[in-house]
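Analysis of the macromolecular model
For reference, the chains in residue letters:
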Amino acid sequence: MAAVMETTPARAVSGRTAAAQGAIRIEDVVKVYDPGGAAVMAVDHCSLDIAAGEICMIVGPSGCGKTTLLNAIAGFHSITSGRIWLDDQLLCGPEKPLADPGSDRVVVFQNGALFPWKTNLDNVAFGPMMQGRMSRKEVYEKARGMMADAGLSGMEHNYPGELSSGLRRRVEIVRALMNDPKVLLFDEPYRALDSLTKSVMHEALLEIYYRNKVTIFFITHDLEEAVFLGHKLVIMTSRPCRPKKVIEVDIAHPRDYGVLTSSRFRQIMDETSEVVHEEARKSFAAGEKEG
């Protein structure tokens, strides 16, 4: 696939429509841990809009509160105040501080969550089989089709331990998509991969995304990864977390690794690095003081 070098806004070329689902609206969200004791503020009046079908990359210093925000969207952690909406439906707010977990939001964890005793095909089919929304035949037909689309044909009857780390990640993403979610929540899913495997996984993720157009909320510390994948890049402050700068990545989709040599890619990288480095210095200084 040839590199696409135009700077048409990604929103105009990615195939999303006004009817797409998965729009996230975060309104003035605050999260305080142990409010009756240490009162550690993890998220500070955070507001952010993510369009349906958008890849939103979240970067910021370690421990700033990015994962806390992801967990609030997923329904793993409550919020102290504010509201989070999904397609204009309230997930959590003043009267309901903890969102209900649901198949409309699926988390792809950093350390993986495949069942090692099940085949890859059985792993992919597990969610819909447990939900009973489709017949066994329908589930396995869908699972085989999605695995084929993701380049996993011939690996259906292998076990996760027989695959490379990159291919296991791909199986996990396909398994997440089997539930037809509106939103995929990624918490540094490629952190443990070497740079070569990571680059292959980036292109694989985009190929899967172009077929599904699901909204992606993706936390990373890898700035090149953030710019390469994202429609939008949100740089968070050091703790407590709130958006410091939002950058629209105006490099057209579809993308491949040829865009890394474009002048616009380097410009966005420089802009991102400067802001992230400023917050990292603040975080480091705060850590020294606390220590």
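Computed from a prediction, not measured in an experiment: that's the story for all the values here.

Time to look at the packing of aromatic side chains. For the coordinates displayed, the defined rule picks out 6 aromatic pairs. Note on F115 and F126: the rings are 4.8 Å apart at their centroids and 70 degrees apart in plane angle, and the pair reads as edge-to-face. Of the two residues, F115 sits in the loop between β6 (105-108) and α3 (120-131) while F126 sits in helix α3, which places them 11 residues apart along the sequence. Measuring from ring centre to ring centre gives 5.7 Å for Y209 and Y210, while their planes differ by 65 degrees; the resulting arrangement is edge-to-face. The exposure class of Y209 is buried, given its relative accessible area of 1%. Residue Y210 is classed as partly exposed on the basis of its relative accessible area, which comes to 23%. Of the aromatic side chains, those joined through ring pairs into one cluster are F115, W117 and F126. Against the face of Y33 rests K31, its NZ or CZ located 4.9 Å from the ring centre. In this structure, K213 packs its charged tip against the face of Y209, placed 5.6 Å from the ring centre.

This brings us to the side chain of H253. Inspection of the secondary structure puts H253 in the loop between β10 (243-248) and α8 (263-290). The exposure class of H253 is buried, given its relative accessible area of 4%. Within the local environment of H253, its side chain forms a polar contact with the side chain of Y210, the two groups lying 2.7 Å apart. Here the side chain of H253 touches R255 through a polar contact of 3.3 Å, side chain to side chain.

Note on sheets: strands pair through backbone hydrogen bonds, and any given pair is parallel or antiparallel. Spatial ordering of the open sheet is given by β2-β1-β4-β5, a layout of 4 strands whose pairing is antiparallel. Since the sheet does not close on itself, it has two edges, and those belong to β2 (40-50) and β5 (89-92), each with one partner. Going across the sheet, the axis of each strand differs from the next one's by a mean of 30 degrees, ignoring polarity. In the sheet, strand β4 (residues 81-86) pairs with β5 via 3 bridges, with the strands oriented antiparallel. The partner of I84 across the bridge, within β5, is C92. Packed onto the sheet, helix α2 (residues 66-74) meets β1 (24-33), β2, β4 and β5 and runs at close to 115 degrees relative to β1.

Parameters at a glance
Residues numbered from 1 in each chain as written. Predicted model: local features only at pLDDT ≥ 70, side-chain atom pairs only at ≥ 80, totals over all residues. Heavy atoms only, no water. Phe/Tyr/Trp six-rings, centres within 6.5 Å; stacked < 30°, edge-to-face > 60°. Helix = DSSP H or I, 4+ residues; strand = E, 2+ residues; numbered from the N terminus. Buried < 20%, exposed > 50% of the residue type's maximum accessible area, 1.4 Å probe, protein only. Lys NZ or Arg CZ within 6 Å of the ring centre and 35° of its normal. Polar contact = N/O pair within 3.5 Å; in protein donor to acceptor, adjacent residues only side chain to side chain. Pairing = 2+ DSSP bridges. Axes fitted to C-alpha atoms, helices over the stretch in contact; angles between N-to-C directions. Contact = heavy atoms within 4.5 Å.

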